[in-house]
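Analysis of the macromolecular model
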Amino acid sequence: MDFNLSFYKGKKVFITGHTGFKGSWLCQLLKNTGAELTGYALKPPTIPSLFEIAGIEQGMHSIIGDIRDYQSLKAAFDEAQPEIVLHLAAQPIVRDGYKKPVDTYETNVMGTVNILECIHNRPGVKSFLNVTTDKVYRNKEWEWGYRENEELGGYDPYSNSKSCSELITDSYRNSFFNNGTVAISTVRAGNVIGGGDFANDRIIPDCIRAAVRHEDIIVRNPFSIRPYQHVLEPLYVYLMIAAMQYEDGRYAGSYNVGPDDQDCLQTGALVDLFVSYWGEGIKWVNGFDNGPYEANFLKLDCSKLKATFGWRPHWNLDKAVKLAVEWSKCWIENGDICACMEKEINGFLKARQDGKKV
């Protein structure tokens with residue numbers, strides 16, 4: 001499939017959730033293309049945050065606001081007059097969903113309604129992409145990957161709220177955009193790894209925090225299997241789908257994006273990789289705490305994405321963990337964060353151009 005990020009040069013792009021981990025990397029990618037970029041999100045969700053330490057705000061229009069506040073969102077949206085909308089704003093942590101279910105549903109459900117209402121009430125948007133999660137599927141602990149036509153129905157408040165976000169998007173597509181004026185897709189991504197993720201209750205950030213303190217890494221669910229991938233893999237797919245459906249609405253739909261089967265590992269095996277790259281004699285211990293339910297086995301079938309766009313992942317899990325460690329050590333040693341990010345982005349795009357998997 002012939003897709004080049006230069007498509008975005010001069011395009012008006014509106015991103016919700018731009019201050020988060022994935023949002024920050026996405027903004028950096030888009031700024032490099034020359035897009036006219038507006039972001040709308042709460043203040044960065046962590047201290048420190050990639051958004052702040054990498055100076056992501058420079059070269060874009062950053063608006064701090066709550067996706068649940070429709071009037072504030074609409075004012076920002078109307079001012080930006082976007083052609084392309086990428087919806088990333090969410091409460092993204094499973095355990096936080098158990099702690100704050102109302103906030104989780106308000107953000108993930110009504111946030112989706114609000115951004116779709118903005119699109120509905122202002123002509124001009126040609127492409128909308130809603131970023132959801134692999135956890136939208138009703139998990140049956142199968143040993144094979146879920147396909148896009150499988151039953152939705154996440155178990156916990158986070159997963160369920162993202163399932164609702166999928167249904168809402170489909171309802172708006174059928175009710176208000178069935179004339180083809182706006183191409184709409186949802187993309188369900190697996191777990192992402194990369195430098196600058198400081199979130200709680202995520203395995204690589206937990207590893208880094210323990211390593212910095214010279215403590216044992218506590219692994220809550222060492223035998224759970226997840227589809228791990230470098231953060232740039234799904235971000236590239238988001239931009240590819242948004243661009244391709246902008247040009248041809250027949251590409252709109254729902255897509256899975258995740259790694260090949262060999263990179264769907266037990267969490268303990270992932271931490272083994274981290275330990276080998278970090279060094280310094282660190283180790284991990286089984287810290288199973290009998291906490292709230294989380295899926296044990298989760299894998300995606302990405303055949304549709306591969307068949308439709310000729311896409312395949314280019315960085316394997318070993319490479320992803322290695323780069324996360326390199327980025328983290330650069331940050332710890334007060335290195336040039338922006339240069340580190342640009343090196344990764346350029347390396348990733350070159351790998352895609354060369355067609356080599358590493």
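Please refer to the structure placed before this passage.
Notes on the structure follow.

What counts, and where the lines are drawn
Residues numbered from 1 in each chain as written. Predicted model: local features only at pLDDT ≥ 70, side-chain atom pairs only at ≥ 80, totals over all residues. Heavy atoms only, no water. Core = buried A, V, L, I, M, F, W, Y, C linked by side-chain atoms within 4.5 Å. Buried < 20%, exposed > 50% of the residue type's maximum accessible area, 1.4 Å probe, protein only. Helix = DSSP H or I, 4+ residues; strand = E, 2+ residues; numbered from the N terminus. Contact = heavy atoms within 4.5 Å. Phe/Tyr/Trp six-rings, centres within 6.5 Å; stacked < 30°, edge-to-face > 60°. Axes fitted to C-alpha atoms, helices over the stretch in contact; angles between N-to-C directions. Parallel < 35°, antiparallel > 145°, perpendicular 65-115°, else oblique. Left-handed = near helix turned anticlockwise from the far one by under 90°. Nonpolar A, V, L, I, M, F, W, Y, C, P; charged D, E, K, R; others polar. Salt bridge = Lys/Arg side-chain N within 4 Å of Asp/Glu carboxyl O. Polar contact = N/O pair within 3.5 Å; in protein donor to acceptor, adjacent residues only side chain to side chain.

1. Things to note about the nonpolar core
- Counting residues in each nonpolar core, the largest one holds 62 residues, and the members touching the most others are F3, Y8, W25, L30 and L86.
- Looking at this core element by element, the count peaks at 12 residues for helix α8 (residues 232–247).
- Excluding its chain neighbours within four sequence positions, the residues that come into contact with W25 are L50, G195, V231, L232, L235, W327, M341, E344 and I345.
- Of all hydrophobic cores here, the second largest spans 24 residues; its members include Y70, L73, V125 and I168.

2. Considerations on the packing of aromatic side chains
- A complete count under the given rule lists 15 aromatic pairs for this structure.
- A ring pair is formed by F274 and W278, whose centres lie 5.4 Å apart and whose planes are at 20°; its orientation type is stacked. Of this pair, F274 and W278 both sit in helix α9 (residues 267–278), separated by four residues, roughly a single helical turn. The same class applies to F274 and to W278, which are both buried.
- Through pairs of rings, three or more aromatic residues link up here, namely F3, Y236, W315 and F348.

3. Overview of the packing of helix α5 (residues 101–120) against helix α6 (residues 157–176)
- For the pair α5 and α6, interaxial distance at closest approach is 9 Å and the crossing angle is 20°. It follows that α5 is roughly parallel to α6 by the angle criterion. For the pair α5 and α6, the crossing hand works out as right-handed. Note on element contacts: α6 touches α5 through P157, Y158, N160, S161, K162, C164, S165, I168, T169, Y172 and F176, opposite P101, T104, Y105, N108, V109, T112, V113, L116, E117 and H120.
- Broken down by class, the residue content of the contact of α5 with α6 amounts to 11 nonpolar, eight polar and two charged.

4. Remarks on the pattern of salt bridges
- Applying the stated criterion across every chain, the model contains 21 salt bridges.
- For D301, the salt bridge identified is with R147, shortest N-O distance 3.1 Å. A residue pair is termed long-range when its members are at least 10 positions apart, and D301 in the loop between β12 (284–286) and α10 (303–309) and R147 in the loop between β5 (127–131) and α6 qualify at 154 residues.
- Its salt-bridge partner being R202, residue D197 comes within 3.0 Å of it at the nearest N-O pair.
- For D197, a relative accessible area of 8% corresponds to the buried category.
- Members of the salt-bridge network, linked through shared partners, are D66, R68, D103 and E106.

5. Observations concerning the side chain of T133
- Note on placement: T133 falls in the loop between β5 and α6.
- Of note is the side chain of T133, whose polar atom sits 3.1 Å from the backbone nitrogen of K135.
- Beyond its immediate sequence surroundings of up to four residues, T133 is in contact with Y158, K162, V187, R188 and A189.

6. With respect to the side chain of S185
- Relative to the helices and strands, S185 resides in strand β6 (residues 183–189).
- S185 sits in the buried class, given a relative accessible area of 0%.
- Of the polar contacts made by the side chain of S185, one reaches the backbone nitrogen of G253; its length is 2.9 Å.
- Leave out the neighbours within four places in its chain, and S185 touches F128, L129, N130, R173, I241, Q245, Y251, A252, G253 and Y255.

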